[in-house]
Amino acid sequence: MRYKDLSGKEIVNVRNGSRLGVLGQTDLELDEKTGQIKSFIIPNYSWFGMKREGENIRINWEDIKKIGEDMIIIES
């Protein structure tokens, strides 16, 4: 699957049902040797997206349980 196919999907935590963001608004951490995705880094923005607040959220590739048509379901 290509990144462009993933980029519009919402990331949802299955444990509490919280929406963590849209994949297209995240950064990727890649393994330099293999080129595989190690984790997604979701920036924590204020309500209007103007300024960062708090720490980023890191989602490891292993935390992904299902990639659907509209969502990525994680268990973190």
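Let me sum up the structure you'll find in this document. Here the structure is a predicted model, which is why all the values come from computation and not from measurement.

1. Let's talk about the sheet that holds strand 2 (residues 19–22)
Here's step 1: Taken together, four strands build an open sheet; the order of strands is 2-1-7-6 and the sheet is mixed. Each having just a single partner strand, strand 2 and strand 6 (64–67) make up the two edges of the open sheet. Across the sheet, the mean angle separating the axes of adjacent strands is 20° when strand polarity is ignored.
Here's step 2: Both strand 1 (residues 10–13) and strand 2 contribute to a ladder of three bridges, which runs antiparallel. In the sheet register, Val12 faces strand 2, and the bridge partner there is Arg19.

2. Structural notes on a nonpolar patch on the surface
Here's step 1: Together, Tyr3, Leu28 and Leu30 make up an exposed nonpolar region whose accessible area comes to about 240 Å².
Here's step 2: With respect to the secondary-structure elements, Leu30 resides in strand 3 (residues 27–30).
Here's step 3: The exposure class assigned to Leu30 is partly exposed, which follows from its relative accessible area of 45%.

Reading the values: rules and limits
Residues numbered from 1 in each chain as written. Predicted model: local features only at pLDDT ≥ 70, side-chain atom pairs only at ≥ 80, totals over all residues. Heavy atoms only, no water. Pairing = 2+ DSSP bridges. Helix = DSSP H or I, 4+ residues; strand = E, 2+ residues; numbered from the N terminus. Axes fitted to C-alpha atoms, helices over the stretch in contact; angles between N-to-C directions. Patch = residues over 30% accessible without salt bridge, like charges linked within 9 Å, V, L, I, M, F, W, Y side chains within 5 Å. Areas by Shrake-Rupley, 256 points an atom, 1.4 Å probe, with all protein chains shown as cover. Salt bridge = Lys/Arg side-chain N within 4 Å of Asp/Glu carboxyl O. Buried < 20%, exposed > 50% of the residue type's maximum accessible area, 1.4 Å probe, protein only.

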